[in-house]
Each structure stands twice: as structure tokens, then as C-alpha cells.
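Here is what each chain is made of, one letter per residue.
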Amino acid sequence: MNSPFRLVVTGGGTGGHTYPALTAVRSLQARLAADGRALETLWIGTAEGLEARVALSEGIAFTSVVTGKIRRSKNPLKLASPANVRDMARVPLGVLQARRAIEQFRPDVVLATGGYVAVPAGLAARMCHRPLVLHEQTVRLGLANRKLASAAARICVSSESTLPLLSESARQVAVVTGNPVRPEVLSGHADKAVEALGLWGFDRQLPTAYVTGGAQGSQQINELVGEVLPWLLQQANVVHQCGPANEESLRAHVAGLPPELAGRYHLAGFIGPELPDVLALADVVISRSGAGTLAELTALGKPAVFVPLASSAGNEQAHNARHLQEAGAAVALEGAVTADQVRDALGPLLTDAHLRQAMAERARAYGRPDAADRLVDEILTAAAPN
């Protein structure tokens with residue numbers, strides 16, 4: 001009964017694939033520890049991917065495999081580009097490398113969270129007769145998970161809206177778990193954000209808007225917010241994560257703000273450990289609409305104005321944003337967004353607390369703060385007998 005549970009996790013390339021996997025590993029470890037069992041984990045990824053750095057920092061054993069990126073195009077001729085052909089030729093070697101690792105490690109379950117590296121390890125799991133659990137963060141299955149769906153013992157999806165999009169056979173093994181959210185994100189305190197960031201000029205009688213384009217920032221969002229900033233600061237306090245490369249130019253841009261407005265504006269290249277507290281302080285969020293962002297904001301019940309990244313794989317950010325907008329849980333601004341559109345979207349939310357509350361409740365209805373525990377349930381259910 002006390003033998004360790006052995007898990008292979010694969011997926012990465014971006015935080016959207018990597019951090020749900022990490023949260024699942026942490027949650028599984030805690031669940032097993034409560035039952036007096038240990039967890040042994042091997043992460044299969046690419047040497048240059050985010051997952052390699054995350055595994056190292058978490059003390060998780062890591063092995064790298066080669067893989068290829070499929071550059072998607074509506075033009076079939078471009079799909080057969082030399083780069084695609086070259087990368088696809090790498091996949092069989094990656095499968096052999098992953099198979100060797102899985103045969104040696106002998107996991108109870110293989111968890112795949114998407115990204116190109118998940119394909120070799122997922123195929124190797126089937127070859128080694130190990131149960132494969134897929135997790136999909138977005139409304140539509142990503143390319144890697146579509147390739148692996150027929151081999152999966154469980155397909156864990158983040159939204160009820162995904163189920164009708166699956167094949168009949170995939171629906172037989174699909175379950176809605178939600179997208180795992182880091183527990184620390186759910187435990188923020190607004191007053192701690194004020195203290196940590198020195199937001200002493202904020203008017204707490206006004207709502208607070210948090211603007212973010214992700215860790216690297218978004219030039220599009222930065223420019224739009226810059227255009228409406230004097231108006232915005234008359235309506236709200238603003239915490240703006242702009243990305244380290246954009247901080248200097250934005251500081252010059254806002255240097256001429258009147259002191260009373262400048263006191264309501266906090267610009268940061270990057271928001272780190274303070275993020276949970278900033279999210280607790282925020283009444284409205286302006287951001288991209290990646291799967292991780294949606295999972296966090298709906299779990300917290302935050303009204304949001306989304307500006308989807310047009311170049312996201314499979315246009316997934318637009319689908320994510322539309323999904324919540326149709327439910328009245330967010331506003332989606334797509335395409336060549338203008339400053340007027342931003343004002344029109346933000347104005348009612350900032351001036352009407354009842355509207356914010358209604359949107360917050362609808363967002364919270366889509367949130368699944370227990371998603372990590374639900375995913376762990378499925379991993380344990382799918383486990384091969386020892």
C-alpha cells in the first residue's frame with residue numbers, strides 16, 4: 001500500500017501547458033502524502049522549453065526528447081514546407097526516446113497537458129501500454145491532444161463547451177475537470193498589494209483596474225491603455241504590468257500626467273509574488289485571453305475586458321474570449337481594436353458597481369477552483385494496477 005505512485009508528465013513550451021501540469025503534480029503529491037504514499041515524477045519535455053526550467057526549479061526529474069513544431073497554414077502547400085517536413089521527421093526519434101524513458105520508469109499514469117512535446121511521449125505511452133490522461137486547457141482541443149485523443153484513457157477538459165466538439169469515441173472517456181489554478185493565486189489580499197507596491201496614492205473609493213499583457217507585456221494593450229490613460233485614471237486606479245522591455249518608454253509617455261492622476265497609476269515591468277494580492281485588489285482586469293488567465297479570473301470571479309492575441313495557435317484566445325462574452329462573463333475586443341472601443345467596454349464596468357458584480361458572478365459560475373483536485377481524481381482512477 002505504501003509503494004510510491006509513479007507519474008510521467010509531459011507537456012510544455014508555454015506556461016499555458018506547463019503550469020497546469022505543475023499544479024497537478026503538486027496536488028497529486030499532497031493527496032498521496034495524506035495517505036502515506038510518496039510520488040515519483042519524471043517530466044518528459046524539450047531541453048530548451050519552459051518545462052525544463054520549471055522541473056529543475058521544482059526538483060522534478062527531467063528527461064528531454066526531440067520533437068517538431070507543425071507550422072499551421074490554411075494553404076496545404078505551406079503545410080508541406082521544408083521546415084514542417086524537417087520537424088515532422090524528428091517526431092519518430094522523439095517517440096523512441098520517450099518510449100525508452102517510459103519503459104525504464106514504468107509509470108502508473110502518463111499525464112499529457114499539450115504542446116508539441118506531448119505527442120512523442122503520448123504515443124510512447126500507448127506503445128508501452130501505460131494509461132494516458134490528457135488535459136486540455138482551451139475550449140477546443142489543441143493539435144497535440146487531437147493527435148493523442150484515440151490513445152487516451154481519460155480526456156480531461158476545462159469547459160462543458162468542449163464536450164460537443166469531441167468525437168463520439170472521445171466523449172466516452174471525457175470528463176470536465178476545469179483548468180488547474182495555482183492555489184496561491186486564490187489566496188491574495190488587496191491590502192497587501194497596496195503595501196507591497198506602495199500604492200498610497202490610490203483612491204480606494206474608486207475601482208481598480210489591472211492591466212496585463214502577460215509576463216512579457218503586450219504592445220497592443222500597452223498602446224491602447226496609453227491612449228485612454230488620462231480618461232481611465234479619472235474613473236479608476238490602475239496597476240499596469242507592461243513587460244520589462246516596455247517600461248522605460250511608457251514611463252516617458254505618462255510623465256506629463258497631473259499629480260492627482262499619476263498617484264492612481266502604478267506601472268511595473270513585471271508583477272511577481274504580489275500577483276495574487278494585485279488580483280484581489282482588482283475590480284476589473286484588462287488582458288489577453290490565454291487559458292491560464294481565464295482559469296484564474298473565473299476562479300476568482302473577476303470582470304474582464306479581453307484583447308485576444310490574434311496569432312495564438314488555432315486562434316484559441318479569440319475562442320476563449322468569445323466563450324465568456326457569450327455567457328455575459330467578460331467583454332471580448334477582437335481585431336483592430338481602437339481606443340474608443342476600450343473606453344466603451346471599460347466605461348460601464350468602472351462606473352456601475354452592480355454591473356461589475358453581475359459580471360463577476362457569471363465569471364465565477366465558469367470558474368473551477370477545485371480543478372486540480374478533479375484532475376488528480378482522474379489520474380488516480382486511470383492508474384494502472386501495481
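Notes on the structure follow. (Residues numbered from 1 in each chain as written. Predicted model: local features only at pLDDT ≥ 70, side-chain atom pairs only at ≥ 80, totals over all residues. Heavy atoms only, no water.)

## What about the overall build of the protein?
Moving on, step 1. From N to C terminus, the protein includes 18 helices and 13 strands.
Moving on, step 2. For a compact globule of 386 residues, the expected C-alpha radius of gyration is about 21 Å, and the protein comes in at 22 Å, within 12% of that figure.
Moving on, step 3. Along the longest, intermediate and shortest principal axes, the C-alpha atoms of the protein span 65 × 55 × 40 Å.
Moving on, step 4. Sorting the 386 residues of the protein into buried and exposed places 52% on the buried side.
Moving on, step 5. Taking the intrachain contacts of the protein between residues at least 6 apart in sequence as the baseline, contacts between residues at least 24 apart amount to 68%.
Moving on, step 6. Carbon and sulfur atoms provide 52% of the accessible area of the protein, an area that totals close to 17300 Å².
Moving on, step 7. When the 36 basic and 35 acidic side-chain charges of the protein are each reduced to a single mean position, those positions are 9 Å apart. (Helix = DSSP H or I, 4+ residues; strand = E, 2+ residues; numbered from the N terminus. Rg over C-alpha atoms; globule rule 2.2 N^0.38 Å. Buried < 20%, exposed > 50% of the residue type's maximum accessible area, 1.4 Å probe, protein only. Contact = heavy atoms within 4.5 Å. Areas by Shrake-Rupley, 256 points an atom, 1.4 Å probe, with all protein chains shown as cover. Lys, Arg positive; Asp, Glu negative; His and termini not counted. Charge placed at Lys NZ, Arg CZ, Asp CG, Glu CD.)

## Description of the pairing of strand β6 (residues 154-157)
Where a strand is regular, its side chains alternate between the two sheet faces.
Moving on, step 1. Across four bridges, the pairing between strand β5 (residues 132-136) and β6 is parallel. From the neighbouring strand, Leu-134 faces β6, where its bridge partner is Ile-155.
Moving on, step 2. Traced from β5 through helix α7 (residues 143-148) to β6, the parallel crossover comes out right-handed.
Moving on, step 3. In this structure, β6 lies alongside strand β7 (residues 174-176), joined through three bridges in parallel fashion. Bridge assignment links Val-157 to a residue of β7, and that residue is Val-176. (Pairing = 2+ DSSP bridges. Right-handed = clockwise from strand over helix to strand, strands pointing away.)

## Considering the sheet that holds strand β3 (residues 61-64)
Moving on, step 1. On the basis of which strands lie adjacent, the open sheet formed by seven strands has the order β3-β2-β1-β4-β5-β6-β7 and parallel pairing. The open sheet is flanked by β3 and β7, the only strands paired with a single partner. Taken pair by pair, the neighbouring strands of this sheet meet at an average axis angle of 20°, ignoring direction.
Moving on, step 2. Against the sheet, helix α1 (residues 15-34) touches β1 (5-10), β2 (39-45) and β4 (109-112), its axis set at about 170° to β2. (Axes fitted to C-alpha atoms, helices over the stretch in contact; angles between N-to-C directions.)

## Describing the sheet that holds strand β12 (residues 304-306)
Hydrogen bonds between backbone atoms are what pair the strands of a sheet, whose relative direction is either parallel or antiparallel.
Moving on, step 1. Strand order in the open sheet formed by six strands is β10-β9-β8-β11-β12-β13, with parallel pairing between adjacent strands. Strands at the two margins of the open sheet, each flanked by one partner only, are β10 (265-268) and β13 (331-332).
Moving on, step 2. The pairing of strand β11 (residues 284-287) with β12 spans three bridges and is classified as parallel. Residue pairing for β12: Val-285 is matched across the bridge by Ala-304.

## Describing the nonpolar core
Moving on, step 1. Grouped together as the largest cluster of nonpolar side chains are 32 residues, with contacts concentrated most on Leu-229, Leu-232, Val-305 and Leu-346.
Moving on, step 2. Elements with a minimum of two residues in this core: β8 (208-212), α10 (219-235), β10, β11 and α16 (339-351).
Moving on, step 3. Top element by residues in this core is α10. It accounts for seven residues.
Moving on, step 4. Discounting chain neighbours no more than four positions away, the residues touching Leu-229 are Val-254, Leu-257 and Tyr-265.
Moving on, step 5. Judged by nonpolar contacts, the second largest core, of 30 residues, contains Leu-197, Leu-281, Ala-299 and Ala-304. (Core = buried A, V, L, I, M, F, W, Y, C linked by side-chain atoms within 4.5 Å.)

## With respect to the pattern of salt bridges
Moving on, step 1. Counted according to the given criterion, the structure contains 14 salt bridges.
Moving on, step 2. Glu-184 is the partner of Arg-26 in a salt bridge, and the nearest nitrogen-oxygen pair spans 3.9 Å. Of the two residues, Arg-26 is situated in helix α1 and Glu-184 in the loop between β7 and α9 (190-197); the sequence distance between them amounts to 158 residues.
Moving on, step 3. Residue classification places Arg-26 among the partly exposed positions, given a relative accessible area of 32%.
Moving on, step 4. For Glu-334, the salt bridge goes to Arg-322, with nearest N and O atoms at 2.8 Å. You can see Glu-334 sitting in the loop between β13 and α16 and its partner Arg-322 sitting in helix α15 (residues 316-326), a full twelve residues away along the chain.
Moving on, step 5. Linked through salt bridges whose partners overlap, the residues forming this network are Arg-26, Glu-58 and Glu-184. (Salt bridge = Lys/Arg side-chain N within 4 Å of Asp/Glu carboxyl O.)

## Some details on helix α5 (residues 91-105)
Moving on, step 1. Across its 15 residues, α5 extends 21 Å between first and last C-alpha, which sits within 8% of the 21 Å expected from 1.5 Å per residue.
Moving on, step 2. Inspection of α5 places Val-91, Gly-94, Val-95, Ala-98, Ala-101, Ile-102 and Phe-105 among the buried residues, and these make up the whole buried set. Each buried residue of α5 lies within a common arc of 130° when the element is viewed along its axis, so the set occupies one face.
Moving on, step 3. Immediately downstream of α5, the backbone of Arg-106 shows phi near 50°, a positive value. (Expected span 1.5 Å × (residues − 1). Arc of directions from axis to C-beta.)

## Describing the environment of Ala-336
Moving on, step 1. Mapped onto the secondary structure, Ala-336 falls in the loop between β13 and α16.
Moving on, step 2. Sequence-wise, Ala-336 and Gln-220 are 116 residues apart; in three dimensions their C-alpha atoms are separated by 9.5 Å.

## Regarding the environment of Thr-41
Moving on, step 1. By the element assignment, Thr-41 lies in strand β2.
Moving on, step 2. Sequence separation of Thr-41 and Pro-4 is 37 residues, and the distance between their C-alpha atoms is 9.8 Å.

## Considerations on unusual backbone geometry
In terms of backbone geometry, most residues other than glycine have negative phi values and most peptide bonds are trans.
Moving on, step 1. Within the chain, Arg-106 stands out as a residue other than glycine whose phi angle is a positive 50°.
Moving on, step 2. As for its placement among the helices and strands, Arg-106 is situated in the loop between α5 and β4.
Moving on, step 3. Look at His-129: it is not a glycine, yet its phi comes out positive at around 60°.

## Points about the side chain of Asp-277
Moving on, step 1. Secondary-structure assignment places Asp-277 in helix α13 (residues 275-281).
Moving on, step 2. Of the side chains bearing the opposite charge, Lys-192 lies closest to the buried Asp-277, which forms no salt bridge; the N-O distance is 5.5 Å.
Moving on, step 3. Setting aside anything within four residues of it in sequence, one finds Asp-277 in contact with Gly-188, His-189, Ala-190, Lys-192 and Ala-193.

Purely geometric stuff here, so don't read any function into it on its own.
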